[in-house]
Structure formats: structure tokens, C-alpha cells
Amino acid sequence: MRSCVVLLMLVAVQPVSAQQPPVVTADDYAHAERFLGYNTTPLVFGIGVRPTWLANGRFWYRIAIPQGFEYVLVDPAKRTRGRVFDHAALAAALSRAADTTFDAFHLPFTQFDLAADGKSIAFDIAARHWTCDLPPTRCTGAPRKEPPRNAVFSPDSTRAAFIRDNNLWVREIASGQETQLSTDGAKDFGYATDNAGWIRSDRPVVLWSPDSKKIATFQQDERGVGQMYLVQSRVGHPVLEQWNYPLPGDTLITTIQRVVIDLTGPKVVRLQMPADQHRSTICDHVLCGGRWADVEWSPDGSRLVFVSTSRDHKKEQLRSADAATGVVRDVFAESTATQFESGFGRVNWHALFATHDLIWFSERDNWGQLYLYDLETGRLKNRITSGPWTVLQVLRVDEPTRTIWFTAAGKEPGDPYFRHLYSVRLDGTRLTPLTPEDADHDVTLSPDGRWFVDSYSRPDVPPVTLLRDAAGRTLLTLERADISRLQAAGWRPPIPITVKARDGKTDLYGLLYRPTHFDSTMKYPIVNHDYPGPQTGSVGGRSFSAARGDAQALAELGFIVVEIDAMGTPLRSKSFHDAYYGNMGDNGIPDQIAGMRELARRYPWIDLDRAGIYGHSGGGYSSADAILRYPDFFKVAVSEAGNHDQREYEDDWGERYHGLLVRNPDGTTSYDDQANQNLAKNLRGKLLIAFGTADNNVPPYNSLLLVDELIKANKDFDLLALPNRRHGFGNEPYMIRRRWDYFVRNLLGAEPPAYELHPPVAR
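Residues numbered from 1 in each chain as written. Predicted model: local features only at pLDDT ≥ 70, side-chain atom pairs only at ≥ 80, totals over all residues. Heavy atoms only, no water.

Undergrad: Is there a simple way to think about the sheet that holds strand 33 (residues 390–398) in this case?
TA: Paired through backbone hydrogen bonds, the strands of a sheet run either parallel or antiparallel to each other. Spatial strand order, 33-34-35-36: four strands in an open sheet with antiparallel pairing. One side of each edge strand has no neighbouring strand; the edge strands of this open sheet are strand 33 and strand 36 (432–433). Bridge count between strand 33 and strand 34 (residues 403–409): seven bridges; the pairing is antiparallel. Residue Val-391 lies in a different strand from strand 34, and its bridge partner there is Ala-408. (Pairing = 2+ DSSP bridges. Helix = DSSP H or I, 4+ residues; strand = E, 2+ residues; numbered from the N terminus.)

Set out below in C-alpha cells:
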């Protein structure tokens, strides 16, 4: 019998009071640990539907049930839902063939291919590829054929592009024959190079034409770009990592020279234009969400439309290139006083080649909206959407009916961060809401646009997942999340909160976490879990989650924990998002303080004299900034992997949100005020600085700059260097425990127990 996770309710630590000094025990820590995700997630069922669409319009998904996991097949046309196969029979057949034992609801695969006739299923287990008959009676295995490593497949799946010796190559999948496509690639001047400084890989950045006969890519020029260095420690000689990593203000930064490669020949066609900046309209790389951003092929592969972004992200130029000759024509440009972006998490401009139209996203009237342009002349035809709300993502464009399906936030009453799905005609008529429930809607459209799967929930309400048609009509209930075991174990949802920003007018939204043993007659220290933006906020998504990091777990130790999306974060108006553009040292902290003060006035059980803050990455930057810039308010801060000075972090992020670095005649720069080390003399409270020595996103020198100035200022602080850790160490059990210890010791005034977190061992 498999053991199940049980969330025991223990008598946890009581908050500090003048009469009763706190005592925190190992049992209290064990109680808090049971609210971490690896203990709460197994108590939730029917959540996280991710459809895999099949060619015949059906789809399947994998879902957690009390016994384990089941695979569900849905036929939208017939409005039916059932298991893809007999789980027990398939487990038995596979067990016989593999000479081992598999459990029916813990099958050793998560992805599979279902035959078009529905009579077999194929999947990989370790080094073998298996095929099982349906209904399951017999399974056969063969050595797994490894796909090309770090390669990008053509649309017809017959070829794969890859990088070798700084040049682009292609491999024929059937024969294995390899062809070199470019010949002049060199070190720091290679083809299809994936390097944004803060992230890099060996996978090529390419976009295949729809007919699989051409490849759009670039030759990335990093010659002379500054280097980043990391050292991994081990017994014997350390290992040095070195790569190109441009910084704000550098004279030489990465650029790209765009090319089209015609596989007939092959022939490299260089686009007739100056080198572009290594920038995109949506993220801090040209590769966004695994796809080369801001580039689209015409259906016949004769034309390439793309957007060039200026170094400071203030100008976007839409261009059209002839794929055969490389001739480039400027079509349309937009400029902004701060920074341009084309949506949230997805590029929202699209070229409609058949009708010579261009869908364009702009925040020119302070809200993210869609516009229709003439693709040939660049002339504005009409607005598509308008109003004091924000388009988030264009999910589908149907050219024959001239209809767009998109998600947006802020149009409906209630929480302005809830996502809803809409459709609208290209002429701006027939704007139709498709998801009426007052909740956050996680939507997946079918490839043909006839159906969509809608999982709607709130942070305090578990999801219901529906199958709907393109008009929003509900066809079938797929899942209703079951959180009964979670609730029986003592879990309580976070409390949605609304407070005013620093201006006393603007509403801010967030979550508040209280101990499940909450006593309204007590006074609790308050801890702010912060991420300042500008690309996201403290709360993150508004959908349901059984655990949001360690916020609830920390609250169980005797704290009130809050997360507030301050001004300077996205998904609302442009002015809200740009609230501290050019002043990164603001970090939205005045809003955090205003919100915490309001909560303390509202709830007498909040002790504002014991206020702490913690965060990771951008949150590490803001948490250190908070205790240094506002030492009278914040008494304790835990700063992890902070980018404490944007001059020491990758060029694209700082130059986008703070502007280009300007050096003044007196030796000062426009970046001085945002640097945490310049505030080191202000430290009065307790500060823990943590960093990974091999962090290749936010290099450890960011933290060491601050450490050096704290030492020069003769300030006491705590330092935790985690050897050979990359950027994501914040969720390591050791870091979580040390974070808890720091607040228990310095805000509760208790001595932390000896304790070790015990996440389950991955199988």
C-alpha cells in the first residue's frame, strides 16, 4: 500500500508577547513544512488539465486522482469523456513485456502518441520505445531512437537544424545525412546562437518556413563583447566558466545580422539592412517562450516580416523582407517615451498576408489594445479594441471570418488581474466575452479554433475545468478540483486583499496569509514576500495553487505574510507599469509600506513594529533595498540572488526599464541611485544576503558589491554563499530553513530549533 501525505495539525508556536516569550520547537517546523508544495499538492485532485490535441479534433490529458494518475480522452464533437485506455490492462501487458511490475495508476510515462485509428499507443520508457495494442493485450519494445540533440525540427518533421562549430547544419531524419548550411561562422560570430548573457544554450534560434524549404535566422555578433566569469569549486583545480555577457553602458553589445537560408543549394541570403540590436518586443532575449520572437513567414515562404527593436526598447520598426533577394522594406514604426512591449508573455502583432493586414498591439492611450494596419503601406485602418483594460495575449486569428480570440484583464468587475477570453472582429465590432465566471481563466484553444478548454479558479477557490465551443457555450464539464483531503488536513486559502498605493488613490491587490492556528487577540509580526517587477509581481498568477512558495508555511511559524502587487508591475495600465521607469531603486517599496500600514490600521493583530521582507532575484534586490532605504520601517530582510546594481546585470533588462546609462561630467551616472551598495551606510536592522557562487543569471558579484560596501561601512550582516548553485536555489530545503530561522530569531525573538526539511525523493 502506498503511503499518503497527511497534513497533521500540531500546536504551533504562539506569537511573541511581553508576557510570554516564544518557544519554537522542531514540531513547529515540522508543522510548517507540511504546508510546502511537495506536501500539499498530493492532496489535490482534478487540477492542471493540459490538453494534447489530436488530428481528428479530439484531445487527451493526464490528471491526478486519489489512486494516482489517469489519462482522459475527450471527443468535443460527441461531447464524451472517458479514459484513453484500460489502465489496469495496459499496466498488466506492459509488466509482462518488460518483465517488471507497473501500477495501473502510476504508469511510467507522461506523454504518448495515440494512433489515428485508436488501436495502439506508443511511448518511451528510459532507453526503449514501446507500442501497446488497444484494447491492451500486448506490448512490444525496441531500442529508442534518440532524436537529434539541441535541434529544431522542420514543420514536416523530415529535417532538423543544429549548430556545429558556429555554423548552422541540417540533418535528414530518415537517412541521417548532414548538410552544412553556412560556412563563415566563427567564434563570437556564429549562426543562430542562443546567448542572452543571462541565459544560453546550444539549441539554434531559427524559424523554418511553412514549406520546410527555408530557415530564417541570424549571425550573432558578439565580437569584443565583455565577458562574464564564474568559478565552480571542487577538489583539485576549480572549473572556470567564461561567456559573453554585455552590461548596461557597454560600448559593444550583442547584435544580430539577419539571414534567410534557402536549403536548395544551400544558399545564404543576407538581409540588406544594418545589424539589429539583440532585442525583442516582449522579453529580455530574442528567444521568448522557446520561440524566436517578432518574426513571421508568409504562407508561401517568399516573404519575412519582422520587428527591429532599438537598444533602449523605445522604438519598434516593422519590416518586410524578400526571402529570395534579401531586400528589406520599412513598413511601420512606433516610438514611446519609456519602453515598448507587445503584450504579456506573448508577442501580439501578427501579419495577415492574404488580406495584407497587420494586427498591432500598442499602449499609446495608456492601455494595451489592438489596432489594424495596412501591411503594405503602414496606414492605420481602425482600432480593434479600446477601453480602460488590457489585452494580454492574442491566441488565434481566423482570417476567413476576420475574428480574433484573445485574453484580457481588467475589463470585468472585480480583480483586474483575472484573465478572461474574448472574441472580436478585425473591424472592432462584435466584442464578445466568452468566459463569464468571476475568476481567472486559464484557456487552451484547439488548433482549428472550434473548441477551448477553460480552467477557471481564484487563489482561494479551486478550479473547474470546462470544454467550451468557440462562442463560449459550455459543452462538457471535464474536472471539478477535489481539495477535500487538503481541507481536512487543516489547509486554509490565502485571503485576497485590496489596499491603496502610495498616492492614497490607486488600488493595489494582493494576498494575506495567516497561521491556521490564528488568534485574533495576539499580535503577529508581518513579513512581506516581495517581487517588484517590472516583468511580473509578488503574487504571480491568480489561479488556484495548493501552495504559493513558502508563504503559508512561514505564516504557520507565527507570522502574517503578505504579497502585494505594487505600482511598477504589469497587466494593468502603462502608467501603472511605468510608475518607476528610470528609477529602479524605487522597487515599489513605498507602495508595499503604504499597503502594510493600511493593513495594520485595519487589523489590530498586525504588529507593524516587527516588519520583515524577503525575496529572490528581483525580490532579493528589492528586499535589500527596502531595509537600506527604509531602515525605520523594515527591521529584518532576507535577500537572495539579488541584482543589487543593474550595471552588474545583463544589458537588456536594465536598459529597458531604467534607460541607457548616462555618464555625467562629474563622474556620476544615471544608474547611481539604483545601486544598493550606495545605501550600505543606512543598515540598522538584520540583513541576510544569500547567493549562489555559480549563478549564471544574476552573477554573485552583484551581492559581493553590496557586501564590500557593508564591510567598509562597518555594518554587521549575515552572509550565506551556496557553492556551485545556479540562480534557483531559493527553493532548496536548506535555503528555506535558513530563511525561516532568520525571521524566527530576529522577528519572533525565539531560538530556531535544529531541523532539516525532508522533501520526497524523486523516483
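Undergrad: Which parts of the structure should I look at to understand the pairing of strand 26 (residues 303–309)?
TA: One face of the sheet, then the other: side chains in a regular strand alternate in exactly this way. For strand 26, the buried fraction is high: seven of the seven residues fall into the buried class. Side chains Arg-303, Val-305, Val-307 and Thr-309 project from strand 26 onto one buried face, and the interleaved Leu-304, Phe-306 and Ser-308 project onto a second face that is buried too. Bridge count for strand 25 (residues 295–297) against strand 26 is three bridges, and the pairing is antiparallel. Across the sheet, Trp-297 pairs through a bridge with Leu-304, a residue of strand 26. Between strand 25 and the antiparallel strand that follows it, strand 26, lie five residues; Gly-301 among them carries a positive phi value of about 75°. Where strand 26 lies against strand 27 (residues 315–322), seven bridges are found, and the strand directions are antiparallel. Its bridge partner being in strand 27, Val-305 is matched across the sheet by Ser-320. (Buried < 20%, exposed > 50% of the residue type's maximum accessible area, 1.4 Å probe, protein only.)

Undergrad: Would you explain the state of the cysteines in this entry?
TA: Two cysteines whose sulfur atoms are joined by a covalent bond form what is called a disulfide. Under the counting rule described, the total for this entry stands at two disulfides. Each sulfur of the disulfide joining Cys-132 and Cys-139 lies 2.1 Å from the other. Linking Cys-132 and Cys-139, the disulfide has an S-S dihedral of approximately 110° and is accordingly described as right-handed. Each member of the pair, Cys-132 as well as Cys-139, is classed as buried. With a sulfur-sulfur separation of 2.0 Å, Cys-283 is cross-linked through a disulfide to Cys-288. Here the disulfide of Cys-283 and Cys-288 is left-handed, its torsion about the S-S bond being about -75°. A residue is classified by how much of its surface remains accessible, and Cys-288, at 14% relative accessible area, is buried. The disulfide pattern of the chain is 1-2, 3-4 when the bonded cysteines are numbered in sequence order. (Disulfide = S-S within 2.5 Å.)

Undergrad: Whenever I open this one, a nonpolar patch on the surface confuses me. Can you help?
TA: Judged by side-chain polarity, Tyr-229, Val-231 and Leu-240 come together as a nonpolar surface patch covering roughly 280 Å² of accessible area. Relative to the assigned elements, Tyr-229 resides in strand 18 (residues 227–232). Here Tyr-229 falls in the partly exposed class, since its relative accessible area comes to 40%. (Patch = residues over 30% accessible without salt bridge, like charges linked within 9 Å, V, L, I, M, F, W, Y side chains within 5 Å. Areas by Shrake-Rupley, 256 points an atom, 1.4 Å probe, with all protein chains shown as cover. Salt bridge = Lys/Arg side-chain N within 4 Å of Asp/Glu carboxyl O.)

Undergrad: For this particular structure, what's the right way to read the sheet that holds strand 25?
TA: The four strands lie next to each other as 25-26-27-28, forming an open sheet whose pairing is antiparallel. Looking at which strands have only one partner, the edges of the open sheet turn out to be strand 25 and strand 28 (328–335). Across the sheet, the axes of successive neighbouring strands diverge by a mean angle of 15°, strand direction being ignored. (Axes fitted to C-alpha atoms, helices over the stretch in contact; angles between N-to-C directions.)

Undergrad: What should I look at first to understand the packing of aromatic side chains in this one?
TA: Each aromatic ring pair is specified by the distance between its two centres and by the angle formed by the two planes. Counted by the stated rule, this structure contains 31 aromatic pairs. Between the aromatic rings of Trp-389 and Phe-406, the centroid separation amounts to 6.2 Å while the plane-to-plane angle is 10°, which identifies the pairing as stacked. Taken as a pair, Trp-389 in the loop between strand 32 (380–383) and strand 33 and Phe-406 in strand 34 lie far apart in primary sequence, 17 residues in all. Of the two residues, Trp-389 and Phe-406, both sit in the buried class. The interplanar angle of 20° and the centroid separation of 5.6 Å between the aromatic rings of Phe-406 and Tyr-422 together place this pair among those described as stacked. In this pair, Phe-406 sits in strand 34 while Tyr-422 sits in strand 35 (residues 419–425), placing the two residues 16 residues apart along the sequence. Taken as a pair, Phe-406 and Tyr-422 share a single burial class, namely buried. The residue whose ring lies beneath Arg-364 is Tyr-371, and the NZ or CZ to ring-centre distance is 4.2 Å. A cation sits over an aromatic face here: Arg-514 above Phe-518, 4.1 Å from the ring centre. (Phe/Tyr/Trp six-rings, centres within 6.5 Å; stacked < 30°, edge-to-face > 60°. Lys NZ or Arg CZ within 6 Å of the ring centre and 35° of its normal.)

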